[in-house]
Amino acid sequence: MSKSVIEMPPKGGFSFDLCKRNEMLAKKGVSPPSFRKTGTTIVGLIFQDGVILGADTRATEGPIVCDKNCEKIHYMAPNIYCCGAGTAADTEAVTDMVSSQLQLHRYHTGRESRVVTALTLLKRHLFNYQGYVSAALVLGGVDVTGPHLHTIYPHGSTDTLPFATMGSGSLAAMAVFESKYKEGLTRDEGIKLVTEAICSGIFNDLGSGSNVDICVITKGAKEYLRNHLQPNPRTYTSSKGYSFPKKTEVLLTKITPLKEKVEIIEGGDAMEE
Amino acid sequence: MDLNMDLNAPHSMGTTIIGVTYNGGVVLGADSRTSTGMYVANRASDKITQLTDNVYVCRSGSAADSQLVSDYVRYFLHQHTIQLGQPATVKVAANLIRLLSYNNKNMLETGLIVGGWDKYEGGKIYGIPLGGTLIEQPFAIGGSGSSYLYGFFDQAWKEGMTKDEAEQLVVKAVSLSIARDGASGGVVRTVVINSEGVTRNFYPGDKLQLWHEELEPQNSLLDILNSPSPEPMNI
């Protein structure tokens, strides 16, 4: 008699089976590996021609700065960009995934992506994981219906605002926005205000630092100003430069190309029987 | 206060939400504060969301849960309207919300007030609090700020009010609750639904009536530092 096995449909979501084991290990002194978070100040605002997004560039692993110049403004569509705060892996994975889904959707519909589409895809995904995907996002873009700016929280709730800040430095940046924001800002005024807000986060929040990235999105055009401002240059650099001590000798140089060049010969005959 | 913990708290709406029937329709009202722990994440949120042309819902509790529930119900109601061939009734909308709330009661944390107008029953208000019970009421209040309004409504609500009386009652009630509840604040939004259609109104926070011991709103006294001549403070 053969045993019949009932095919269970795969259960979605996270599996929490190892939580008790982890607790037991923690009690015995084995600490879990720390994950890379983006301490972060991310902001967005709507100005007269579109949307400006801004972010700092520090990524932290516990108390250590693991990346002094990381990119927190992620590409979603040619007309939509998304800043991410929270666990770096989660923000990158979720924005990459939704960016691919948007591209497939563009192929299906033959139209430019809309910001609300990206918003709905992101919020559904985050809600399904009940806040365990730790991604707090500021999504901005310009589509046929106009400029849009949204914030998305890890539990899946969203807000639509004219100016928004997220991340550990959000309180410092929001203070700047609340005192200086007004409707109908010009491009230069908007960039200046976003830079001020990010700088406020960089200098007053320990989890944010290094440089300011800006992304300006208008109808039909976008400008990604990477390292628009660098208020934290390295102060003490050696004027002589760095070189290896003379005792290091080169014995052998061998270069192995990692990508093979393959020649394709077109027009071969079909297999003959 | 551990700021980091607070900013990762689930986004909730402290809230005061109100739904009131009057002679000919309903008035829904809400404040506009959404908080993450002790920080106000959005001081101008819109807690009254549209389900169909004639049915709106006031949301309270977890922002994520209430937004997703209203999204699902809007989708189901849209299908239902197409299949039925006429506008959905308020009772159907309320029941769809109740089914989601009750069947997922272990996972959801949201209290909703459904209000609208249809040609069969006129203006109706249905309250669907935390456990997923459905109760049709002449008026309903919800959210953390509603605790301060039970006595007020016992005294102030009466049958057969006019549209303006009902709207003024709602604005007064939300304003009283904003004065006493820390988790409610911002502006007062109202939606009036009747046979003629839907009207949205907006009452900014600094234009509301002042209650006991409330002070007039002032510009920051730091303006003195920026003024050209050093005049003594005029209070």
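As the structure is a prediction and not an experimental result, all values here were calculated from the model.

Undergrad: Could you clarify how one ought to interpret helix α5 (residues 163–180) of chain B in this entry?
TA: Three- or four-residue spacings in an α-helix give side chains the same orientation, since the helix completes a turn every 3.6 residues. All names here are of chain B. Taking 1.5 Å as the rise per residue, α5 with 18 residues should run 26 Å; its terminal C-alpha atoms sit 26 Å apart, in good agreement. Burial in α5 covers these residues: Ala166, Glu167, Leu169, Val170, Val171, Ala173, Val174, Ser175, Ser177 and Ile178. Elements in contact with the buried residues of α5: β2 (17–22), β3 (25–30), α4 (150–156), β12 (188–194) and β13 (197–203).

Undergrad: Mind showing me how you'd approach the pattern of salt bridges here?
TA: Oppositely charged side chains can form a pair if their charged atoms are brought close together. One pass over the full model with this rule turns up 17 salt bridges over all chains. Lys207 of chain B is the salt-bridge partner of Asp206 of chain B, the closest N and O atoms lying 3.8 Å from each other. Linked through salt bridges whose partners overlap, the residues forming this network are Lys123 and Arg124 of chain A together with Asp71 and Arg74 of chain B.

Undergrad: Explanation requested: the sheet that holds strand β3 (residues 50–55) of chain A in the structure shown.
TA: Two orientations exist for strands paired in a sheet by backbone hydrogen bonds: parallel and antiparallel. All names here are of chain A. A sheet is described by the order of its strands in space; here 5 strands give the open sequence β11-β2-β3-β12-β13, paired in antiparallel fashion. Only two strands of the sheet have a single partner each, and these edge strands are β11 (163–166) and β13 (221–229). With strand direction ignored, the average angle separating the axes of adjacent strands in the sheet is 10°. The pairing of strand β12 (residues 212–218) with β13 spans 6 bridges and is antiparallel. The residue bridging Val216 from the neighbouring strand is Glu223, located in β13. Sitting on the sheet, helix α4 (residues 170–180) is in contact with β2 (42–47) and β11, with an inclination near 160° to β11. Here helix α5 (residues 187–204) sits on the sheet in contact with β2, β3, β12 and β13, set at roughly 150° to β12.

Undergrad: Which parts of the structure should I look at to understand the sheet that holds β12 of chain B?
TA: Residues and elements named next belong to chain B. Spatial strand order, β11-β2-β3-β12-β13: 5 strands in an open sheet with antiparallel pairing. A single partner strand is all that each edge strand has here, and the edge strands are β11 (139–142) and β13. Taken over all neighbouring pairs, the strand axes of this sheet differ in orientation by 15° on average, direction set aside. Lying over the sheet, α5 contacts β2, β3, β12 and β13, oriented at roughly 155° with respect to β12.

Undergrad: What's the story with the packing of helix α2 (residues 63–84) of chain B against helix α3 (residues 90–103) of chain B in this structure? I'm lost.
TA: To characterise two packed helices, one gives the angle between the axes of the helices and the distance between these axes. Residues and elements named next belong to chain B. Put simply, α2 and α3 touch, their axes get as near as 10 Å, and they point 135° apart. Comparing their axes, α3 and α2 come out oblique. Seen from above, α2 lies across α3 with right-handed handedness. Listed contacts from α3 to Val69, Tyr72, Val73, Phe76, Leu77 and His80 of α2 are Val92, Ala93, Leu96, Ile97 and Leu100.

Undergrad: Can you walk me through the interface of chain A and chain B in this structure?
TA: Accessible area lost upon the coming together of the parts is a frequently used measure of interface size. The interface is formed by 19 residues belonging to chain A together with 18 residues belonging to chain B. For the chain A and chain B pair, buried surface summed over both sides reaches about 1,600 Å², with 54% attributable to carbon and sulfur atoms. Three residues stand out in chain A for area buried against chain B, namely Phe127, His155 and Leu171 of chain A, and they jointly supply 29% of the buried area on that side. Between the two partners, chain A and chain B, sit 3 salt bridges. Residues Asp71 of chain B and Arg124 of chain A are paired through a salt bridge, measuring 4.0 Å at the closest nitrogen-oxygen approach. Inspection of the region where chain A meets chain B yields 5 residue pairs in polar contact (both at pLDDT 80 or more). Going through the elements one at a time, α3 (115–128), β10 (158–160), β11 and α4 of chain A are the ones with two or more residues in the side of chain A that touches chain B. With 4 residues, the single largest contributor to the side of chain A that touches chain B is α4 of chain A.

About the cut-offs
- Residues numbered from 1 in each chain as written.
- Chains lettered and ligands numbered in written order.
- Predicted model: local features only at pLDDT ≥ 70, side-chain atom pairs only at ≥ 80, totals over all residues.
- Heavy atoms only, no water.
- Helix = DSSP H or I, 4+ residues; strand = E, 2+ residues; numbered from the N terminus.
- Expected span 1.5 Å × (residues − 1).
- Buried < 20%, exposed > 50% of the residue type's maximum accessible area, 1.4 Å probe, protein only.
- Contact = heavy atoms within 4.5 Å.
- Salt bridge = Lys/Arg side-chain N within 4 Å of Asp/Glu carboxyl O.
- Pairing = 2+ DSSP bridges.
- Axes fitted to C-alpha atoms, helices over the stretch in contact; angles between N-to-C directions.
- Parallel < 35°, antiparallel > 145°, perpendicular 65-115°, else oblique.
- Left-handed = near helix turned anticlockwise from the far one by under 90°.
- Buried area = accessible area lost by both parts, 1.4 Å probe.
- Polar contact = N/O pair within 3.5 Å; in protein donor to acceptor, adjacent residues only side chain to side chain.

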